[in-house]
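Descriptive structure summary
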Amino acid sequence: MQKRVLTVAAHPDDEVLGCGGSMARHVTDGDEVFVIFMADGVGARSSIKRLNNNELKERKQAAFSACGILGVKNLHFLDFPDNRMDTLPLLDIIQPLERLIDKIKPDIVYTHHHCDLNIDHQITHRAVMTACRPLPTQCVKTILAFEVVSSTEWALESEKKFIPNYFITLSCEHVKKKLSAIQAYDKEMRAFPHVRSAENIENLMKVRGA
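In this text the structure is predicted, and so the values were computed from the model without any measurement.

With that out of the way, let us pick up the overall build of the chain. Looking only at helices and strands, the chain has six helices and five strands in total. Each helix and strand of the chain, placed in order from N terminus to C terminus, yields the pattern β-α-β-α-β-α-β-α-β-α-α. For the C-alpha atoms alone, the extent of the chain along its principal axes is close to 45 × 40 × 35 Å. Of the accessible surface of the chain, which amounts to about 10,900 Å², a share of 54% is contributed by carbon and sulfur atoms.

Structure below.
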């Protein structure tokens, strides 16, 4: 039976780093996959007054390219301020997200772990949990949290570290698609042995898979 799957990511690149292989698996299984990006991912790198619109366009284009490699075509951008989502009332974040979720009507939602170091990741998690609260009309049956390398493992509270307890089997093709998709975000990648290198992203998949 076809499922409707939604990934809610704080920034373009989090979706591939967090669950790109799973998204590719859902597509090949015949599921319909959607992605919502909460913030632009580049705005915090310069003064708001001097924000380079070309950077914003490049990051969005990278998102379309990466998701296209995974087979995902349904992308939505809420354009909240990058690494400043904590400056907004939570309700102002939840309401537009909730409207999109009501429109998409996903069965499964993937999003960030709640104790991630990045503030936008934390707030995205809170917004998703609120928007997907178990009301009588709620369509979401499953919520899964993913890890984002160079952020989730840097959580400050050791007792709340990301400890996976749900695993999805990926084929070699799914792995190849994820590794290819992250190259669309080449400006966000780092050289080995940095944890955000292609080699170590593949290494993490092997560890989790084992």
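This paragraph deals with helix α3 (residues 90–104). Its 15 residues place the ends of α3 21 Å apart at the C-alpha level, agreeing with the 21 Å of an ideal helix rising 1.5 Å per residue. Listed as buried for α3 are Ile93, Ile94, Pro96, Leu97, Glu98, Leu100, Ile101 and Ile104.

So, on to helix α6 (residues 198–209). Side chains of residues three or four places apart in an α-helix project in the same direction, reflecting 3.6 residues per turn. Over its 12 residues, α6 runs 16 Å from end to end, which matches the ideal 16 Å to within 8%, given 1.5 Å per residue. Buried within α6 we find Asn200, Ile201 and Met205. Across the axial projection of α6, the buried residues extend over an arc of 150°, all falling on one side. Turned more than 90 degrees away from the buried face of α6 sit Lys206 and Val207, all of them exposed. Considering only its buried residues, α6 is in contact with α1 (14–28) and α5 (172–182).

With that settled, the discussion passes to the layout of surface pockets. Empty space within the largest pocket amounts to approximately 810 Å³. In terms of lining residues, the largest pocket is bounded by 31 residues, among which Gly18, Ser22, Tyr166, Ile168 and Arg208 are the most central. Looking at the lining of the largest pocket, the elements that each hand over two or more residues are α1, β5 (142–146), α5 and α6. In terms of residues, the lining of the largest pocket owes the most to one element, α6, which gives seven residues. Of the residues assigned to the lining of the largest pocket, the class counts are 19 nonpolar, seven polar and five charged. Space inside the second largest pocket adds up to approximately 340 Å³. What lines the second largest pocket is a set of 20 residues, and nearest its centre among them are Asp13, Arg45, Asn118, Glu188 and Arg196. Taken together, the residues that form the lining of the second largest pocket break down as four nonpolar, eight polar and eight charged.

Before going further, it helps to examine the pattern of salt bridges. Under the counting rule described, the total for this entry stands at nine salt bridges. Of the charged contacts in the structure, one is a salt bridge between Lys187 and Glu58, with a shortest N-O distance of 2.7 Å. Here Lys187, found in the loop between α5 and α6, pairs with Glu58, found in helix α2 (residues 53–70); they are 129 residues apart in sequence, far enough to count as distant. Ionic pairing is found between Lys60 and Asp79, a salt bridge with its closest N-O pair at 3.4 Å. Within this pair, whereas Lys60 is found in helix α2, its partner Asp79 is found in strand β3 (residues 74–80), the two being separated by 19 residues in sequence. Residue class for Asp79 comes out partly exposed when judged on its relative accessible area of 42%. Residues joined by salt bridges that share partners form a network here, namely Asp13, Arg59, Glu188 and Arg196.

All chains considered together, the criterion is met by two aromatic pairs. Ring centres of Phe37 and Phe77 lie 5.1 Å apart, and the angle between their planes is 25°; this geometry places the pair in the stacked category. Taken together, the residues Phe37 in strand β2 (residues 32–39) and Phe77 in strand β3 connect sequence positions 40 residues apart. For Phe37, a relative accessible area of 0% translates into the label buried. One aromatic cluster is present, formed by Phe37, Phe64 and Phe77 through successive ring pairs. Taking the ring centre of Phe77 as reference, the NZ or CZ of Lys60 above it sits at 4.9 Å.

Cut-offs and rules
Residues numbered from 1 in each chain as written. Predicted model: local features only at pLDDT ≥ 70, side-chain atom pairs only at ≥ 80, totals over all residues. Heavy atoms only, no water. Helix = DSSP H or I, 4+ residues; strand = E, 2+ residues; numbered from the N terminus. Areas by Shrake-Rupley, 256 points an atom, 1.4 Å probe, with all protein chains shown as cover. Expected span 1.5 Å × (residues − 1). Buried < 20%, exposed > 50% of the residue type's maximum accessible area, 1.4 Å probe, protein only. Arc of directions from axis to C-beta. Contact = heavy atoms within 4.5 Å. 1 Å grid on protein atoms, 1.4 Å probe; cavity = no way out; pocket = protein on both sides within 12 Å on 5 of 7 lines; lining within 4 Å. Points joined across faces, edges and corners; volume = space filled by probe spheres on them. Nonpolar A, V, L, I, M, F, W, Y, C, P; charged D, E, K, R; others polar. Salt bridge = Lys/Arg side-chain N within 4 Å of Asp/Glu carboxyl O. Phe/Tyr/Trp six-rings, centres within 6.5 Å; stacked < 30°, edge-to-face > 60°. Lys NZ or Arg CZ within 6 Å of the ring centre and 35° of its normal.

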